[in-house]
Amino acid sequence: MMKFSYYNPTRIQFGANTIASIATLIPKESKVLVTYGGGSIKKNGIYDQVKDALKDYEWHEFSGIEPNPLVETLDKAVAVAKEKKIDFILAVGGGSVIDGSKYIAAAALYDGEGWDILEKKHIVTKALPLGAILTLPATASESNPTAVISRKSTQTKLAFSSSAVYPKFAVLDPSAMVTLPERQIANGLVDSFIHTCEQYLTYPVGALVQDGYCETLLRTLKHLIERFNEHDDLLWQENLMWAANQGLSGLIGVGVPQDWATHRIGHELTAMFGIDHARTLTIVQPALLREMISDKAAKLSQMGRNVFHLPQTSDIAEKTIDAIEALYRSIGMPVRFSDCEITDPETPAKLVAALKEHNMIALGEKGNITPEISEKILTKAMR
Ligand SMILES: NC(=O)c1ccc[n+]([C@@H]2O[C@H](COP(=O)([O-])OP(=O)(O)OC[C@H]3O[C@@H](n4cnc5c(N)ncnc54)[C@H](O)[C@@H]3O)[C@@H](O)[C@H]2O)c1
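Here, residues in each chain are numbered from 1, in the same order as that chain's written sequence. Where local features are concerned, this predicted model is filtered to residues with pLDDT of at least 70; where side-chain atom pairs are given and counted, the filter is 80 or more; whole-chain, interface and lining totals use all residues. Hydrogens and water are ignored here; the side-chain numbers use all heavy atoms of the structure.

Per an unreviewed UniProt entry, the chain goes by Iron-containing alcohol dehydrogenase and derives from Hohaiivirga grylli.

### Structural notes on the site of the ligand
In the neighbourhood of the ligand, 26 residues make up the surrounding shell, with Gly95, Ser96, Asp99, Thr135 and Thr179 lying closest. Polar contact criterion, stated in full: a pair of N or O atoms within 3.5 Å, where within protein one must be able to donate a hydrogen and the other to accept it, and residues adjacent in sequence count only if both atoms are side-chain atoms. In the model, an oxygen atom of the ligand is placed 3.1 Å from a nitrogen or oxygen of the Asn68 side chain. In this structure, a nitrogen atom belonging to the ligand sits 2.8 Å away from a side-chain N or O atom of Thr179. Each accessible area is a Shrake-Rupley result for a 1.4 Å probe, and residues are judged covered by the shown protein chains and nothing else. About the coverage of the ligand: the protein hides 88% of its 870 Å² of free accessible area. The cutoff for a nearby residue is simple: one of its non-hydrogen atoms must lie within 4 Å of the molecule or strand.

### Comments concerning the UniProt feature "domain: Alcohol dehydrogenase iron-type/glycerol dehydrogenase GldA" (unreviewed entry) in the chain
Following the UniProt record, the feature "domain: Alcohol dehydrogenase iron-type/glycerol dehydrogenase GldA" (unreviewed entry) maps to residues 9-174 here. Working definition: helices are DSSP H or I runs of at least four residues, strands are E runs of at least two. Numbering for both runs from the N terminus. What you have in residues 9-174 is 25% helix and 25% strand, and the ends, taken at the C-alpha atoms, are 22 Å apart. UniProt positions are given in the numbering used here, feature names are shortened, and annotations may be inferred rather than shown by experiment.

### Let's talk about the domain arrangement of the chain
Residue ranges assigned to the domains are those given by an automatic or database domain assignment. Domains assigned within the chain are domain 1 (11-176) and domain 2 (182-382). Of note, the centres of domain 1 and domain 2, computed from C-alpha atoms alone, are 27 Å apart. Contacts were defined at the residue level, with two residues in contact if any of their heavy atoms lie within 4.5 Å. Listed by partner, the interface residues are 19 residues for domain 1 and 21 residues for domain 2. Summed over both partners, the accessible surface that disappears when two parts come together, traced with a 1.4 Å probe, is what is meant by buried area. When the buried area of domain 1 at its contact with domain 2 is split by residue, Pro137, Lys157 and Pro174 rank highest and sum to 28% of it.

### Structural notes on the UniProt feature "domain: Fe-containing alcohol dehydrogenase-like C-terminal" (unreviewed entry) in the chain
Here, the residues flagged by UniProt with the feature "domain: Fe-containing alcohol dehydrogenase-like C-terminal" (unreviewed entry) are residues 186-360. For residues 186-360, helix accounts for 66% and strand for 0%, while the C-alpha atoms at its two ends are 28 Å apart.

### Describing the packing of helix H13 (residues 347-357) against helix H14 (residues 371-382)
Geometry of a packed helix pair, given as the angle between the helix axes and the separation of the axes. Note on method: axes are straight lines fitted to C-alpha atoms, helices fitted across the in-contact stretch only, with angles between N-to-C directions ranging 0 to 180 degrees. Interaxial distance between H13 and H14 falls to 9 Å at its minimum, and their mutual angle equals 145 degrees. Relative to H14, the crossing made by H13 is right-handed. For the pair H13 and H14, contact is made by Thr347, Pro348, Ala349, Leu351, Val352, Leu355 and Lys356 and by Pro371, Ser374, Glu375, Leu378, Thr379 and Met382, respectively. Each residue receives one of three labels: charged for Asp, Glu, Lys and Arg, nonpolar for Ala, Val, Leu, Ile, Met, Phe, Trp, Tyr, Cys and Pro, and polar for the others, Gly being one of them. For the contact of H13 with H14, a count of residues per class yields eight nonpolar, three polar and two charged. Here a crossing is taken to be left-handed if its near helix is turned anticlockwise relative to the far helix by less than a right angle, and right-handed if that turn runs clockwise.

### Digging into the pairing of strand E6 (residues 146-151)
Judged from the six bridges that link them, E6 and strand E7 (residues 156-161) form a sheet pairing that is antiparallel. Bridge assignment links Arg151 to a residue of E7, and that residue is Thr156. Strands were regarded as paired on the criterion that DSSP finds at least two bridges between them. Between E6 and E7, which pair antiparallel in sequence order, lie four residues; one of them, Gln155, sits at a positive phi of approximately 50 degrees.

### Things to note about helix H7 (residues 208-226)
A helix is expected to span 1.5 Å multiplied by its residue count minus one. With 19 residues, H7 should reach 27 Å at 1.5 Å per residue; the first-to-last C-alpha distance of 27 Å fits that figure. As for H7, its buried residues are in contact with helix H6 (182-200), helix H8 (234-247), helix H11 (293-306) and helix H12 (316-330).

### Let's talk about a nonpolar patch on the surface
Residues enter a patch when their relative accessible area is above 30% and they make no salt bridge; the linking distance is 9 Å between like charges and 5 Å between nonpolar side chains (Val, Leu, Ile, Met, Phe, Trp, Tyr). Any carboxyl oxygen of Asp or Glu within 4 Å of a side-chain nitrogen of Lys or Arg constitutes a salt bridge here. On the surface, a nonpolar cluster with roughly 410 Å² of combined accessible area is contributed by Met1, Phe4, Tyr6 and Leu251. Its location among the elements puts Leu251 in the loop between H8 and helix H9 (261-273). Leu251 sits in the partly exposed class, given a relative accessible area of 32%. Buried, partly exposed and exposed residues are distinguished by accessible area as a fraction of the type maximum, computed with a 1.4 Å probe on protein chains only: under 20%, between the cut-offs, and over 50%, respectively.

### So, H14
Helix length check: H14, at twelve residues, gives a terminal C-alpha distance of 16 Å against a target of 16 Å (1.5 Å per residue), a fit within 8%. Among the residues of H14, those classed as buried are Pro371, Ile373, Ser374, Ile377, Leu378, Ala381 and Met382.

### A few points about the sheet that holds strand E8 (residues 169-172)
Read across the open sheet, the six strands follow the order E1-E8-E5-E4-E2-E3; overall the sheet is parallel. Taken across any chain shown, the strands that pair with only one partner, and hence form the sheet edges, are strand E1 (11-14) and strand E3 (58-62). Taking each pair of neighbouring strands and ignoring which way they run, the sheet shows an average axis angle of 20 degrees. In the sheet, strand E4 (residues 88-93) pairs with strand E5 (residues 130-134) via five bridges, with the strands oriented parallel. Residue Gly93 lies in a different strand from E5, and its bridge partner there is Leu134. In the packing of helix H4 (residues 71-83) onto the sheet, contacts are made with strand E2 (31-36) and E3, and the angle to E3 comes to roughly 160 degrees.

Below, the structure is given as structure tokens:
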């Protein structure tokens, strides 16, 4: 196992009807900026519950944070936060709103150009405190220090991490999921599955706790995918909310090598074609696993045995990739570019040019996914 330092300060408020508890978690004298997206929170009752909980606070709101949040939109919220002298951000939404709110929290205490944060010209060491009410289980942004932000003007999607933007608390109330379209539920399931894979499907380092916990999460998510038609059931929703949170709140990734190449390449697909984040991952990951099979064979075999219960045959690694791909297909996720009607043969080369431009030239747990290998992966995903 590798050395690690583990820190996760986010308080989790878990279960139905826990939104009112935010009044005990946000300091009383705070001026709060409530941030949200397209307005589903007004249909599922979350907005009214937030309003009730904040009745004794001065609060303002900023809506319209889009999926794959744009810095162009978020900078308007930063201006509101500065003008109103906001001192607490309450993000109500999925990964996009929570990520966007982390950027707002950090940029509100920075006088330069906010995009500097994504380009690492400004290293975030302070931010306004923020809390999150999760409405879409997928990214675990509600209890991690990372945000992924896009810039429309340059078709760029970049991430930053800082312990200053860990949410102070995260409310995981499954009743927020009632308005989620099936497409978003499916996206959340596979996003969580692939987050877990990014921290597990590398090479063995004898980390029994992390491997065992990853396998539990992967089996849980597989179980939920296989029972997708039960997604209105409270227990199904609770299990997804907790599995998605645990998949990327830091614990399973400590002391082990991590990959993240699927994500880095996937971000370029979102930036170039506007494909949903999770759907970029299901296109890239099977091709990446096939291209990198010799590096990943031991963990693929382990996953085949312990998650898919496959017999130990000489081709178990290949069979595991086939099983992963079949799982995604079973809930209608794309696994090839053609599933998203992208057929231009120049696509891999264009995406590789974008990867190079963003310095994504040594990806994967061994840093050996060069632009040439990325092109091979993307070409495999065209077939
Ligand atoms: N911070 C991280 O660690 C991390 C990890 C992975 C991905 N991401 C980023 O997170 C973003 C994706 O976030 P996401 O998958 O949570 O989706 P999302 O937040 O983009 O939401 C997807 C859609 O679902 C809608 N929605 C959300 N909750 C709803 C509800 N309860 N009812 C109805 N509609 C609802 C949103 O308005 C949006 O239209 C991407 O930008 C991705 O790059 C961040």
